Amino acid sequence: MIKVILYITILLPGLILAQKPDSIFVKPDSVSFNNLQKDSLAVSDSTKRKKKQFDVNAVINATASDSLIFKVKEKKMELYGNGEMKYKQTDLKSANIIVNFQTNQIAASGVPDTADKSGKKLMGTPVLTEASETYEGTNLTYNFKTQQGFISLAKTKSEGTYYGGSKVKKMDKETYFVQNGMYTTCTDDTPHYNFYASEMKVIMKEQIIAKWIWLYIGGVPLPIPLPFGAFPTQSGRRSGIIAPAYGQSEKQGWYLTHLGYFWAMSDYMDLNGTMDYFFKGGFSLNSRFRYAKRYSLSGSIDAGYKNLHFGETGDPGYKTQRDWSLSINHNQVIDPTMRLDAHLTFMSSKNFINNNSINYDDLLTQNIVSSATLFKTWEESGNSLSLSYSRNQYLSTGQIDEILPNLTFTLSQSYPFKRKGKVDASDQKWYELLGYSYSGRFLNRRNKTAGNLNIRGGIQHDVGISVSPKIGYINISPRVSYTERWYNKRIEKSIGPVPIYNSANVITGYKNDVISKDINEINMVRDFDFSISASTRLYGIIQPNALGIDALRHTITPSISYNYTPDFSKPKWGYYDSYKDTNGKQIKYSKFEKEVFTGPGEGESQSLSFSVGNIFEMKTKKDPTDTTSEAKKIQLLNFDASVGYNFAADSMRLSDLHLGYRTQVADFLNFSGGSTYSFYDYALNKNGSLQKINKFLINEKKGLLKLTNFDFSISASLSGEKLKSKETKEEKKKLEENEVTNKQSNYSGIYNEEDPDFEIPWDVSLSYNYRFDNIGHTKSSNVNLNLNTNLTKSWKLSLSAYYDIFRKEFQAPQINIYKDLHCWELKITWNPLGTYRGYRFEIRIKAPQLQDIKVTRRRGQFQGVGY
């Protein structure tokens, strides 16, 4: 009795009475609440004995709509009518609940539904929730101390996966055994698909293991079962085997693809490895290692190797092709002033792309550009240092151009004579505005062509001295620039015998031609120039006060500049040399034309340049009926013009007139264009093409100007997203920022495909480009269209097309259709025209962990492996 008294004392403070307090019964053989509390203080050692037998160490909350009964001697509690019991992280709801505190057992069951005449349907069936897991069934037995239990006709949900069975036995917090089990990711009560097995083991947050598994689609089983299987119960990054897919292509025949393993090494990194096997012979290996740490670093390493066989062994057309690819991406913020970015790709040949991709951009790639940069800044001084590597691989020729290293140091603009402290601009002396800047660069270039490696290196120093006084409303800016280059090589040209090769690369003879020879010696090459410019700004304002327009403003920015550069090709500088060609003509050349920074230019320049910029703007009125409205400034048109005159030129000193214009209407329409006009006439040369001659058009009575080039482009982009309110956009931006962070930590699957975005109802971008060359008599005109639209809540259409108006042909059009089939999805990709025409039709399970369960039909370009 003492043990019972102490148990009730602990239990009572946590009770929440039911909706009918008068329905609480105490049987005659039980004691009253007053006596329970009084007697509980009589025994000093009751606490110790209670703690050994009972494990109720937290508040229990219990409610019932009908009655709540305590049986103190039997140590039981019974709840009838919509009962609910909460203990720690466990929440149980059921029509009937019986708790036995001696055995720590809970029994819960439903009651017959009075509305159901057959008497088979139950209501108030048990629903048990532990943390984030929920379990449902008709009858439940549960031990809240050991957390073991038994559920009949059960079903439960775990992070997007649903499973159940005729009987479920819970062994511990993470392990369940299921009889006649069912597993699916479909949320419908009658799932569109499910896996069935007579025996099933569930390991929470890991996997479901079963044997002799039948796949049901629409309630109909497939005729052949799987002998065993393991299904992940969580999406995202999970270690495990990557199930292979099979297919057939015209070149490799039948194949198995993407057989491999994915290893989620930690929250910060993962690794996968896959293999493709071709029944006609050949295989491929692929691997990806990824790592990420928020706000610090992220990156990936992708590697692939292919050994493909085409044709049958012994056939005339049989061949073996081996290709490989390696990609390295790394982004790291070392500290607030230092950052490292690397994007490197190395590939054996273009065949690797042709055999692995169906993307138009990839297939049309002719060269691969790689780069890596370490950048450091000093905030106090503004100086900066960068160390970079760049690589350009031409896939068609195999030529490789590398720059390793490229080291650049930049000293920010400094004013040595400027007074310290805050000085008013009107009190500054002209010499205080005198400033200088410096940049130094070390560059080493490696060029590999047909197995021949050519290395060139050099150091360049650039110093600029400038002053920017203001005279009235005119800004005067004189500047002197000095450049010095250090080289360890130069070239020497002469006429000599050059071998002639045939198609088999065999020497068949010799001919006299130009021979360029490298001379190894240290040279310092210097040049300089001087310039002075003057500019001002003029305003014109009109205030119509009509049609919601408050003011119109026209801003004019005229500028004139003079530049002088000496002729560094003169013998006194020593930078140029000459040789006699086969006709005896003296040909001048620069000794440093092949070096990384080349050499000084040829010819003296004394040029006077004039330009004028025009900006047309509009300011709208505030809405007098809206106190929150603000005036808006809208830029209507930017119009620029420039022309120059070279006093040192021996002929045609006047340069072409260049006009440029651009504007933007709201956030969706852009307009730009330009044109070039010549003051000189053109005539046919020996090759039959037009060439500028030293005759003014006006003197030839052909007008003042001749249009030589004209280009025009207009683009528009509009989407349902852009039409939403500002608040909605800001909210979505925050969500997108969070999604980017989340996506970096999730495994995107072996196909690397992103799901369609149904949140944007539609978006369209349309551009038109026109170009005309009046000298070469060529012109082009094309339209580019990209359209995405939600046809319904579950249908999405994407269209991209490029149309050449003059050729009257489409180039690389593509149509994509997506259908959301609840737990399945349908994807159709169709390339109707061109070299890469074909289609892919695919239906597959939507859940990322089961996307390999699919039906695919493809033709043409899409018959590549794994697509």
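Counting restarts for each chain, with residues numbered from 1 along the sequence as it is written. Given that this is a predicted model, residues contribute local features only at a pLDDT of at least 70 and side-chain atom pairs are listed and counted only at 80 or more, while totals for whole chains, interfaces and linings are drawn from all residues. Computation of side-chain values: all heavy atoms of the structure, hydrogens and water removed.

J.: How would you summarise the pairing of strand β15 (residues 207–217) if you had to cite specific residues and measurements?
T.: A strand pair is defined by DSSP finding two or more bridges across the two strands. Numbering of helices and strands runs from the N terminus, with a helix taken as a DSSP run of H or I at least four residues long and a strand as a DSSP run of E at least two residues long. Of the strand pairs in this sheet, strand β14 (residues 193–203) and β15 are connected by nine bridges, and their pairing is antiparallel. Within β15, the residue paired with Y196 across the bridge is W214. By the bridge criterion, two bridges tie β15 to strand β16 (residues 220–221) in an arrangement that is antiparallel. The residue bridging I217 from the neighbouring strand is V220, located in β16. Joining the antiparallel neighbours β15 and β16 is a turn of two residues, in which G218 adopts a positive phi near 60°.

J.: Can you break down unusual backbone geometry residue by residue, with the values?
T.: Following L404, the chain continues into P405 via a peptide bond in cis, with omega recorded as -5°. Mapped onto the secondary structure, P405 falls in strand β28 (residues 400–414). Although it is not a glycine, K75 sits at a positive phi angle of roughly 55°. Mapped onto the elements of the fold, K75 is located in the loop between β2 (67–71) and β3 (76–87). What makes K75 buried here is its relative accessible area of 13%. Unusually for a residue other than glycine, M652 sits at a positive phi of about 45°. Only protein chains enter the accessibility calculation, which uses a 1.4 Å probe; a residue whose area is less than 20% of its type maximum is buried, one above 50% is exposed, and one in between is partly exposed.

J.: I'd love a proper account of the nonpolar core, names of residues and values included.
T.: Residues enter a nonpolar core if they are buried and are Ala, Val, Leu, Ile, Met, Phe, Trp, Tyr or Cys, with the set joined through side-chain atoms within 4.5 Å. Within the largest apolar cluster, 43 residues are counted, with the highest numbers of intra-cluster contacts made by M77 and Y193. The biggest single contributor to this core is β14, with five residues. Listed in part, the nine residues of the second largest apolar core include F568, Y575, F592 and F597.

J.: Before we move on, can you summarise the environment of R339 with the specific residues and values?
T.: Relative to the helices and strands, R339 resides in strand β25 (residues 338–347). Using a relative accessible area of 36% as the deciding quantity, one classes R339 as partly exposed. C-alpha separation for the pair R339 and K376, spaced 37 residues apart in sequence, amounts to 6.7 Å. Among residues more than four places away in sequence, those in contact with R339 are N331, Q332, V333, T373, L374 and F375. Note on definitions: a residue-residue contact is assigned when non-hydrogen atoms from the two residues lie within 4.5 Å.

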